[in-house]
Amino acid sequence: MTCPVFPTDFRDTLDRLFLWRRDVRHFRPDPVAEATLDGLLATACLAPSVGLSEPWRFMRVDRPDRRAAVRADFARCNAEALAARTGDDSGRYAALKLAGLDQAPHHVAVFCDADPRQGRGLGRMTMPETTVWSAVMAIHTFWLAATAAGLGVGWVSILDPDRIARILDADPDWTFLAYLCVGYPQEHADTPELERQGWERRDPHRRGWIIR
Ligand SMILES: Cc1cc2nc3c(=O)[nH]c(=O)nc-3n(C[C@H](O)[C@H](O)[C@H](O)COP(=O)(O)O)c2cc1C
């Protein structure tokens, strides 16, 4: 098999994709074509996984009653998180994800089968958490592919994992990892929203590596 050559201008474009991938909190209401969503989830499944176990489990959440229950769980967890913080301005950001949950036309819950038969246990004897890492790699692949398709993804983690698994009637062997809001973003930016809002910024001194 001949590996394709990825020319310099493609690599420059890919760098721009990494730069412009955003966690999106405000969505347009128009739906994404089913074929596009299917394609993106198929692309996500090209991610690497320990022992080729492919432990990610993507679940589209379409039922309004389930979405409402997830939203209520977020509201409860968010309120608890805010109550635990005093003296900062986190309240300013409290509603951001609520907006995404209300506006995004598509919701995708991501689980990990923590002990999948596929892969026959290879590579995870000493670090069983590698299945979760594998599933997170699939999420990142989905995120990048969605960005390339002009879509936005918003990762919601202020949720109670056990309650979400019950709401979504997940397989008992699955661990809840992420709730993704998906749709067309209201705006594009090359900088994280939390940086634009003055909450946090990328560390300008952090390099990708150290030498020992
Ligand atoms: C594991 C994980 C969990 C996250 N959970 C939340 C969340 O609950 N709420 C939220 O607003 N953003 C969440 N985010 C998004 C981050 O805030 C965002 O990635 C970060 O601010 C950098 O922005 P960017 O993704 O646009 O570069 C999460 C991101 C990751 C990787």
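All of these numbers come straight from a predicted model, not from anything done at the bench.

*Asks:* Would you mind showing me how to read the overall build of the chain here?
*Replies:* Along the backbone of the chain there are seven helices and four strands. Overall, the chain shows an N-to-C arrangement of helices and strands of α-α-β-α-α-β-α-β-α-β-α. The C-alpha atoms of the chain give a radius of gyration of 18 Å, which matches the 17 Å a tight globule of 212 residues would have. Counting across all 212 residues of the chain, residues that qualify as buried make up 38%. Expressed as a percentage of contacts within the chain between residues at least 6 apart in sequence, the contacts between residues at least 24 apart total 83%. Counting 27 positive and 29 negative side-chain charges, the chain places the averaged centre of each group 2 Å from the other.

*Asks:* Please clarify how helix 3 (residues 64-83) should be interpreted in this entry.
*Replies:* Three- or four-residue spacings in an α-helix give side chains the same orientation, since the helix completes a turn every 3.6 residues. The end-to-end C-alpha distance of helix 3 is 28 Å, a good match for the 28 Å that 20 residues give at a rise of 1.5 Å each. Within the span of helix 3, buried status applies to Arg67, Val70, Asp73, Phe74, Cys77 and Asn78. Along the axis of helix 3, the buried residues cluster in a sector spanning 130°; they form a single face. Exposed residues pointing more than 90 degrees away from the buried face of helix 3 are listed as Pro64 and Ala83.

*Asks:* Honestly, the site of the ligand in this entry has me stumped. Any pointers?
*Replies:* Taken together, Arg21, Arg22, Asp23, Arg25, Lys97, Trp155, Val156, Ser157, Ile158, Pro192, Leu194 and Arg202 make up the full set of residues adjacent to the ligand. A distance of 3.4 Å separates an oxygen atom of the ligand from a polar atom in the side chain of Arg202. The fraction of the free accessible surface of the ligand (610 Å²) that becomes covered by protein chains is 70%. Looking at the shell around the ligand residue by residue, the class counts come to five nonpolar, one polar and six charged.

*Asks:* Could you clarify how one ought to interpret the sheet that holds strand 4 (residues 174-183) in this entry?
*Replies:* Sheets are built from strands that pair by backbone hydrogen bonding, the pairs being arranged parallel or antiparallel. The four strands lie next to each other as 1-2-4-3, forming an open sheet whose pairing is antiparallel. Either end of the sheet is taken by a strand with one partner, and the two such strands are strand 1 (56-61) and strand 3 (152-156). Averaged over all pairs of adjacent strands, the angle between their axes in this sheet comes to 30°, without regard to strand direction. Relative to strand 2 (residues 106-113), strand 1 runs antiparallel, the two sharing six bridges. Counted as the bridge partner of Val61 is His107 from strand 2. On the sheet, helix 2 (residues 34-44) packs against strand 1, strand 2 and strand 4 and is oriented at approximately 165° with respect to strand 1.

About the thresholds
Residues numbered from 1 in each chain as written. Predicted model: local features only at pLDDT ≥ 70, side-chain atom pairs only at ≥ 80, totals over all residues. Heavy atoms only, no water. Helix = DSSP H or I, 4+ residues; strand = E, 2+ residues; numbered from the N terminus. Rg over C-alpha atoms; globule rule 2.2 N^0.38 Å. Buried < 20%, exposed > 50% of the residue type's maximum accessible area, 1.4 Å probe, protein only. Contact = heavy atoms within 4.5 Å. Lys, Arg positive; Asp, Glu negative; His and termini not counted. Charge placed at Lys NZ, Arg CZ, Asp CG, Glu CD. Expected span 1.5 Å × (residues − 1). Arc of directions from axis to C-beta. Near = heavy atom within 4 Å. Polar contact = N/O pair within 3.5 Å; in protein donor to acceptor, adjacent residues only side chain to side chain. Areas by Shrake-Rupley, 256 points an atom, 1.4 Å probe, with all protein chains shown as cover. Nonpolar A, V, L, I, M, F, W, Y, C, P; charged D, E, K, R; others polar. Pairing = 2+ DSSP bridges. Axes fitted to C-alpha atoms, helices over the stretch in contact; angles between N-to-C directions.

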